[in-house]
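Here's the letter readout for the chains.
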Amino acid sequence: MKQHARCIMVQGTMSGAGKSLLCAALCRIFRQDGYRVAPFKSQNMALNSYITRDGLEMGRAQVTQAEAAGIEPDVRMNPILLKPCSDTGSQVIVRGKVRGQMAAKEYFRMKKQLIPDILDSYQSLAEEYDIIVIEGAGSPAEINLKSDDIVNMGLAKLVDAPVLLVGDIDRGGVFAQLYGTTALLEPEEYDRICGLIINKFRGDPTILTPGLDMLTQKTGVPVVGVVPYVTVDLDDEDSFAPRLSHNRAEKPIDIAVIRFPRISNFTDLAPLETHPMLGVRYVSSADSLGKPDMVILPGTKSTTDDLLWMRQNGLEAAVLKLASSDTPILGICGGYQMMGETLSDPNLTEGTHLMLEGMHLLPVRTVFTEQKTRTRIHGTVCAPAWNGASLDAYEIHMGETTVNGDPFAVLEDGKTDGCICGQFAGTYLHGLFDSGELTGKLAADLCRQKGLHPECIEPRSRREYAELEYDKLADTVRSSLQMDIIYQILNRESGGNES
């Protein structure tokens, strides 16, 4: 295989071991050391996605890693994205475009057919960059998935990648995690493991020394680092994100976000959390909603099902009660569609309901279509209290919405987006707070309504904030890993340990 870049792969003992952030850290470190580096993950499963400059869809984890590497996100970095739409099925996106809805069994039967797409994407990146940092998924020791693996050891073999295996000590049993995982690998898979990493450690790492020595003795693989538990505020990938457990507003302004069962692109709201006046909490029951200063209905992969969920558990009624007292309500994408008068699904694209009544908060009607809208957007908010805030955002949705009211924003091509009616607003634009300008105007407006004096702070974009977080992450990981060994692993001609 023709390839120029060196590569290193990070696999984990389980989901949530910290692979994504470690890959982002390595991308940043290699960039700091003067290399052209790109991330890669052959298959990602997540509801948080992103639209590239050329209108293609990819997972947020590789967007974060690309930003850490100082490069533009590229769909080649994540050629396969699975977006769960039920407990047993997903929307399958290949090279940024929807391939179709598939049940899990159907996808597993055909996924090896996607290897050419994976290799074409990887190889083209390898011809442009010095180093490729590859992220695995879940665990390589999932015995039932090995035969058709295209994301862990199956991919490592295809691209001849050496592997770092990461265990999560915060969950407990990290020595058993690492030893058990290596023990369950086939000999040729085990030979690819070049280093072990213990992640999320709290305390003095010297107390681990006896355990590290025994782990190396039993596995035959050196421990190349103990990474401390570090709190960095970067985009989360999925619904297990810690930010979704925030259920108290600890700042002057209380913003309640509805935590839908299929919540998606909740990264839209991350910039709000960094503002000193805005407290963001996530609620999933009417009892926990309370009397917030604002309610946000975020994006969802299953708009009609999540609307029915709200309707059945009393949250819709609780939100409408707040609306009757003029509590501001903002809907984003699926949340915007819910706020309208009707949701029509003639082809049953969304589920099993041909027509649903909406919340009747906005004079809009939505018809779901099988065609997905994917586009980058530049524009300006024209909602009165937030007028003039610039937007660098993107659309990613299924459905067309007819608006019979005032627009939320004017786009640079002269078109409009969304709708605003009094204290209620809806928009299709993801990333609407990323520029920092809308965050500042929203905070000032809510403070005014509550009789507070907002802190005067300069608007800061999400990217400016994230750059500081990437450096913080890289500094922590660099000081925790034996980077000389990492570079030795990179410089080997092929993947493999020397046990």
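Everything below is about the structure printed above this text.
Because the structure is predicted, anything quoted here is derived from the model rather than measured.

Colleague: How should the overall build of the chain be read in this particular structure?
Modeller: Looking only at helices and strands, the chain has 16 helices and 26 strands in total. For 499 residues, the compact-globule formula gives about 23 Å, and the C-alpha radius of gyration of the chain, at 23 Å, lands near that figure. C-alpha atoms of the chain, sized along the principal axes, occupy 70 × 50 × 40 Å. Classification of the 499 residues of the chain by burial places 58% in the buried group.

Colleague: Would you mind showing me how to read helix 4 (residues 115-126) here?
Modeller: With 12 residues, helix 4 extends 16 Å from end C-alpha to end C-alpha; this agrees with the ideal 16 Å at 1.5 Å per step. Taken residue by residue, helix 4 has Asp117, Ile118, Ser121, Tyr122, Gln123, Leu125 and Ala126 as its buried positions.

Colleague: Would you explain unusual backbone geometry in this entry?
Modeller: With glycine set apart, most residues show a phi of negative sign, and most peptide bonds adopt trans. A positive phi is found at arginine 95, a non-glycine position, where the angle reads about 50 degrees. Mapped onto the fold, arginine 95 is located in the loop between strand 7 (89-94) and strand 8 (97-103). According to the relative accessible area criterion, arginine 95 is partly exposed, its value standing at 33%. Phi at aspartate 160 takes a positive value of approximately 55 degrees, unusual for a residue other than glycine. Residue position: aspartate 160 is located in the loop between helix 5 (153-159) and strand 10 (163-168).

Colleague: What am I meant to see in the pairing of strand 6 (residues 80-84) here?
Modeller: The buried count for strand 6 comes to five of five residues, which makes it a mostly enclosed element. Burial of the side chains of strand 6 extends over both faces: Ile80, Leu82 and Pro84 are buried on one face and Leu81 and Lys83 on the other. As paired elements, strand 3 (residues 43-45) and strand 6 share three bridges and run parallel to each other. Across the sheet, asparagine 44 pairs through a bridge with leucine 81, a residue of strand 6. Across five bridges, the pairing between strand 6 and strand 7 is antiparallel. Looking across to strand 7, one finds that isoleucine 80 is bridged to valine 94. Counting the residues that bridge the hairpin from strand 6 to strand 7 gives four residues.

Colleague: How should the packing of aromatic side chains be read in this particular structure?
Modeller: For any pair of aromatic rings, the description rests on two quantities: the centre-to-centre distance and the angle between the ring planes. Applying the stated criterion across every chain, the model contains eight aromatic pairs. Plain terms: the ring middles of phenylalanine 30 and tyrosine 487 are 5.5 Å apart, the flat faces sit at 70 degrees to each other, and that makes the pair edge-to-face. Here phenylalanine 30 is found in helix 1 (residues 19-32), whereas its partner tyrosine 487 is found in helix 16 (residues 483-491), with 457 residues between them in sequence. The class for tyrosine 487 is buried, based on a relative accessible area of 16%. Between the aromatic rings of tryptophan 386 and phenylalanine 408, the centroid separation amounts to 6.1 Å while the plane-to-plane angle is 70 degrees, which identifies the pairing as edge-to-face. With tryptophan 386 in the loop between strand 21 (364-381) and strand 22 (390-403) and phenylalanine 408 in the loop between strand 22 and strand 23 (409-411), this pair connects stretches of sequence that are 22 residues apart. Of the two residues examined, tryptophan 386 and phenylalanine 408, each falls in the buried class.

Colleague: Teacher, can you tell me more about the sheet that holds strand 8 here?
Modeller: Think of a sheet as strands paired side by side through backbone hydrogen bonds, with each pair either parallel or antiparallel. Taken together, the four strands give an open sheet; going across it, the order is 3-6-7-8, and neighbouring strands pair in mixed fashion. Whereas interior strands pair on both sides, the edge strands pair on one side only; in this sheet they are strand 3 and strand 8. Averaged over all adjacent pairs, the angle separating strand axes in this sheet is 25 degrees, with direction ignored.

Colleague: Explain the pairing of strand 21 to me, please; I cannot follow it from the model alone.
Modeller: Each regular strand shows side chains that alternate between the opposite faces of the sheet. Here three bridges tie strand 19 (residues 342-344) to strand 21, and the two strands are oriented parallel to one another. Bridged to threonine 342 within strand 21 is arginine 365. In the sheet, strand 21 pairs with strand 22 via 13 bridges, with the strands oriented antiparallel. When the sheet's bridge partners are listed, threonine 373 is paired in strand 22 with histidine 397.

Colleague: Mind showing me how you'd approach the side chain of asparagine 152 here?
Modeller: Along the chain, the position of asparagine 152 falls in the loop between strand 9 (131-135) and helix 5. In terms of polar contacts, asparagine 152 uses its side chain to reach the backbone carbonyl oxygen of alanine 137, at 2.7 Å. Not counting residues within four places of it along the chain, the set of residues in contact with asparagine 152 comprises Met9, Gln11, Gly136, Ala137, Ser139 and Pro140.

Colleague: Sorry if this is basic, but what is going on with the pattern of salt bridges here?
Modeller: Considering all chains together, one arrives at 28 salt bridges under this definition. Arginine 281 is the salt-bridge partner of aspartate 254, the closest N and O atoms lying 2.7 Å from each other. Residue aspartate 254 is located in strand 13 (residues 253-258), and its partner arginine 281 is located in strand 15 (residues 278-283); the two are separated by 27 residues in the primary sequence. You'll find aspartate 254 and arginine 281 in the same group, each marked buried. Each of the salt bridges in this network shares a partner with another, and the network as a whole consists of Arg28, Glu67, Asp434, Arg462, Arg463, Glu467 and Asp471.

Colleague: Got a minute to help me understand the environment of glycine 55 in this structure?
Modeller: Structurally, the position occupied by glycine 55 is in the loop between strand 4 (49-51) and strand 5 (57-59). Put simply, glycine 55 and valine 75 are 20 residues apart on the chain and 9.5 Å apart in space, counted from C-alpha to C-alpha.

Reading guide: rules and limits
- Residues numbered from 1 in each chain as written.
- Predicted model: local features only at pLDDT ≥ 70, side-chain atom pairs only at ≥ 80, totals over all residues.
- Heavy atoms only, no water.
- Helix = DSSP H or I, 4+ residues; strand = E, 2+ residues; numbered from the N terminus.
- Rg over C-alpha atoms; globule rule 2.2 N^0.38 Å.
- Buried < 20%, exposed > 50% of the residue type's maximum accessible area, 1.4 Å probe, protein only.
- Expected span 1.5 Å × (residues − 1).
- Pairing = 2+ DSSP bridges.
- Phe/Tyr/Trp six-rings, centres within 6.5 Å; stacked < 30°, edge-to-face > 60°.
- Axes fitted to C-alpha atoms, helices over the stretch in contact; angles between N-to-C directions.
- Polar contact = N/O pair within 3.5 Å; in protein donor to acceptor, adjacent residues only side chain to side chain.
- Contact = heavy atoms within 4.5 Å.
- Salt bridge = Lys/Arg side-chain N within 4 Å of Asp/Glu carboxyl O.

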